[in-house]
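These are the residues of each chain, in order.
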Amino acid sequence: MSDPRPPRVRVTGPHAARPRLRPRPTVASEIDAQSDLGEIYVQGLLRAQLRLAVRTLFWLITTVGLLPLVFWLLPGIGDHRIAGMPVPWVVLAFACYPVLVVLAWRYVRAAERREADFVAAVEGR
Amino acid sequence: MNVGYGIGAVVLVSIATLAIGTWGLRISRTTSDFFVASRSVRPGLNAGAISGEYLSGASFLGVGGLVLAFGGEMLWYPVGWTAGYLVLLVLVAAPLRRSGAYTLPDFAEARFSSRRVRAISSVLVVAIGWLYLLPQFQAAGVALRTVTGIPPWAGALIVAVVVLANVLAGGMRSITFVQVFQYWLKLTALALPLVFLVIVWVGDGATSPADARVVVDGVTGADWADPLAVTGDHPLYTTYSLMLATFLGTMGLPHVVVRYYTNRDGRAARKTTLIVLALLGAFYVLPPVYGALGRLYAPDLAGSAADSVVLELPQRMIGGIGGDLLTALLTAGAFAAFLATSSGLTVAVAGVVSQDVTSRRVSGVASFRFAAVIAVVVPFLLAFAARDLAVATVVGLAFAMAAATFAPLLVLGIWWRGLTPAGAAAGMLVGGALTGYAVVDNLVSERAGGWWAALIEQPAAWAVPISVATMVLVSRFTPAADPVQVNRLMVRLHTPEDVALDRT
């Protein structure tokens, strides 16, 4: 028995018949293609992170890094005592470590903030 | 003291180490597991493992001994060993993880696409690894003789065998758990006896070791406490050179770097480093206190046997069964220190040897196991060929060598696109040759003083700038590697993983 109904025809809107527009380039694809625009985004992140790293190292040098010079210029500093201990001992044996942890903690927070900004710039828009 | 307690402590730590290693074995199956625990170690665990691995015999026994013998000047060592992680954190931690390489030679190859740079890095990893392993074996022998009376070679042999058994059984995965355990063991073993020792000290009237009336070997309390003056005649140079070596050298130590690949991503690598800084800080406030108490209660050790002060103090200050038990705990901690550092170095050196040498003959896990045997046996034999040196001296030279070779490679490689393969190779060769010369000179001859002695003892202050200058200058005059590929790697090193980029 043959079917009298005509074969199915796909009904489509006129828009789909038009040639597809190329997808709008994303920042990620610009970066992958190493275009000038992608380069600007990457350079921005790199510079921001490097500035942050240099700033943290600057604080390391001005705290722990200057200690030998301070002790060298002020030899009498050992005569001062805190809780019975010479000041250089309090600084070197105990006080240095919390300073290092605080510098590291502040760095990690700032570095993650810069990365979050970068992600927002690349994906958000 | 009762020798039985010391032997018991060593046996217990060995059994615990092997047991945790075997427990880790059940989840370690592939070659990737062996090398880097399949990159699934949480920051807390990873930080415990890095700290456990990093705190060697030089930290556990050596710092106390150095402080007893030389005083405040030696406090720069633990400060530098900790601050090195801050420098590592800000300059290399996240990019290193994002580079996706297993080892330092892998990083060199990824960045420069050059077999030659890779080969130079491999040789340096093995050199630094062995330079660091050698004093571990020597010191383990001496420490075990102090508490158990066995000859030094036997103590070193025990460490070598336990390390090898553990690495052969499980590789990095088992090492992770073992080293987390060993960090907490070391911290407990150092902190708990100290509580009792300080109570005794306060009961005795709490005399300050820096008191002017406390004179040991003709050195007054004030001179001993001075952070610059005692040894050498160029203390400012020596201190700054040591600072440079420890600040920069940490990032170039093969057993430290290999652990960064076990982080899940770059953010986890940063978090891990932050926790490491806290864990190391908590540990390093302890050993100098032993050294300071030793000046009051064990001044006779200052001359010749300073390294044993940490193990001796409970006997001198408390005595009896309490002293014996505390000494046993300290022995356990010291033995854990030797095992942890040696295991980490063995895995790092074996990883490189296996990838670059033995894998051409045998494949995968078998190659790694074969390489591990080579990695342990060579420095073990060298430990008996070389003359006896202070642990901290040799470890300090290993730091200087890492600071003059891998530190510039990593920092310039990560932050400067202009570093060329030829520049990297030249800088590493020059830095390696200069610090290598200093190492040999130190091993062979003993110098009385003067500028030359200071320069050779602490080579970092001149070797690092020369190495960096060589890298920059040679890079200016040689062709770059494929710039498209270098740019692509730079993107991968510095962008967070959650941005959907082409990371191949």
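In what follows, the structure referred to is the one given above.
Residues numbered from 1 in each chain as written. Chains lettered and ligands numbered in written order. Predicted model: local features only at pLDDT ≥ 70, side-chain atom pairs only at ≥ 80, totals over all residues. Heavy atoms only, no water.

Things to note about the layout of surface pockets
Estimated volume of the second largest pocket: approximately 380 Å³. Lining the second largest pocket are 23 residues, and of these Met 85 of chain A together with Trp 201, Pro 209, Val 289 and Ala 292 of chain B sit closest to its centre. Broken down by secondary-structure element, the contributors of at least two residues to the lining of the second largest pocket are strand E2 (85-86) and helix H5 (87-124) of chain A together with helix H8 (152-203) and helix H13 (287-297) of chain B. For the lining of the second largest pocket, the element with the most residues is H13 of chain B, which contributes five residues. Considered class by class, the residues forming the lining of the second largest pocket number 20 nonpolar, three polar and no charged. (1 Å grid on protein atoms, 1.4 Å probe; cavity = no way out; pocket = protein on both sides within 12 Å on 5 of 7 lines; lining within 4 Å. Points joined across faces, edges and corners; volume = space filled by probe spheres on them. Helix = DSSP H or I, 4+ residues; strand = E, 2+ residues; numbered from the N terminus. Nonpolar A, V, L, I, M, F, W, Y, C, P; charged D, E, K, R; others polar.)

Some remarks on the packing of aromatic side chains
One pass over the structure, following the stated rule, counts 13 aromatic pairs over all chains. On the basis of an interplanar angle of 90° and a centroid distance of 4.9 Å, the ring pair of Tyr 54 of chain B and Tyr 85 of chain B is categorised as edge-to-face. Of this pair, Tyr 54 of chain B sits in helix H3 (residues 43-54) while Tyr 85 of chain B is found in helix H5 (residues 76-98), placing the two residues 31 residues apart along the sequence. Here Tyr 54 of chain B matches Tyr 85 of chain B in class, with each residue buried. Seen in terms of ring centroids, Tyr 237 of chain B and Trp 451 of chain B are 5.5 Å apart; in terms of plane orientation they differ by 70°. Their pairing is edge-to-face. Taken as a pair, Tyr 237 of chain B in helix H10 (residues 235-249) and Trp 451 of chain B in helix H20 (residues 451-457) lie far apart in primary sequence, 214 residues in all. In textbook terms, an aromatic cluster arises when at least three aromatic residues are bridged by ring pairs, as seen for Phe 60, Tyr 77, Trp 81, Tyr 132, Phe 283, Tyr 284 and Phe 399 of chain B. One residue, Arg 109 of chain A, lies across the ring of Trp 105 of chain A, its end atom 4.7 Å from the ring centre. (Phe/Tyr/Trp six-rings, centres within 6.5 Å; stacked < 30°, edge-to-face > 60°. Buried < 20%, exposed > 50% of the residue type's maximum accessible area, 1.4 Å probe, protein only. Lys NZ or Arg CZ within 6 Å of the ring centre and 35° of its normal.)

Considerations on the interface of chain A and chain B
Counting residues at the interface gives 47 residues for chain A and 53 residues for chain B. Put simply, chain A and chain B have four salt bridges between them. Between Glu 115 of chain A and Arg 270 of chain B there is a salt bridge; the shortest N-O distance is 2.7 Å. Viewed at the interface, chain B and chain A are joined by nine residue pairs in polar contact (both at pLDDT 80 or more). It is H5 of chain A that provides the largest number of residues to the side of chain A that touches chain B, a total of 21 residues. Tallied by class, residues from the side of chain A that touches chain B come to 35 nonpolar, six polar and six charged. (Contact = heavy atoms within 4.5 Å. Salt bridge = Lys/Arg side-chain N within 4 Å of Asp/Glu carboxyl O. Polar contact = N/O pair within 3.5 Å; in protein donor to acceptor, adjacent residues only side chain to side chain.)

Concerning empty space enclosed by the protein
The final tally for this structure, using the stated rule, is six cavities of 30 Å³ or more. The space that makes up the largest cavity amounts to roughly 90 Å³. Contributing to the lining of the largest cavity are 14 residues, with Tyr 107 of chain A together with Ala 94, Pro 95, Arg 270 and Trp 415 of chain B lying nearest its centre. Among the elements of the structure, H5 of chain A together with H5 and helix H22 (483-494) of chain B are those that each provide at least two residues to the lining of the largest cavity.

Here we look at the side chain of Thr 246 of chain B
All names here are of chain B. Residue position: Thr 246 is located in helix H10. Separated by 3.1 Å, the side chain of Thr 246 and the backbone oxygen of Met 243 make a polar contact. If near-sequence neighbours (up to four positions away) are discounted, Thr 246 is found in contact with Gly 80, Trp 81, Gly 84 and Phe 399.

Remarks on the side chain of Gln 182 of chain B
Residue and element names in this part refer to chain B. For Gln 182, the location among the structural elements is in helix H8. Residue classification places Gln 182 among the buried positions, given a relative accessible area of 1%. Apart from residues lying up to four places away in sequence, Gln 182 is in contact with Thr 17, Ala 336, Leu 339 and Ala 340.

Concerning the pattern of salt bridges
Scanning the entire structure with this criterion turns up 11 salt bridges over all chains. Put simply, Arg 118 of chain B and Glu 109 of chain B hold a salt bridge, and the shortest N to O gap is 2.7 Å. It is possible to trace a salt-bridge network through shared partners that takes in Glu 115 of chain A together with Arg 98, Arg 270 and Glu 497 of chain B.

Describing a positive patch on the surface
Residues and elements named next belong to chain A. A cluster of like positive charges, contributed by Arg 47, Arg 51, Arg 55, Arg 106, Arg 109 and Arg 113, occupies part of the molecular surface. Listed by contribution, the elements that provide at least two residues to the positive patch are helix H3 (36-65) and H5. Among the secondary structure elements, Arg 106 is positioned in helix H5. (Patch = residues over 30% accessible without salt bridge, like charges linked within 9 Å, V, L, I, M, F, W, Y side chains within 5 Å. Areas by Shrake-Rupley, 256 points an atom, 1.4 Å probe, with all protein chains shown as cover. Lys, Arg positive; Asp, Glu negative; His and termini not counted. Charge placed at Lys NZ, Arg CZ, Asp CG, Glu CD.)

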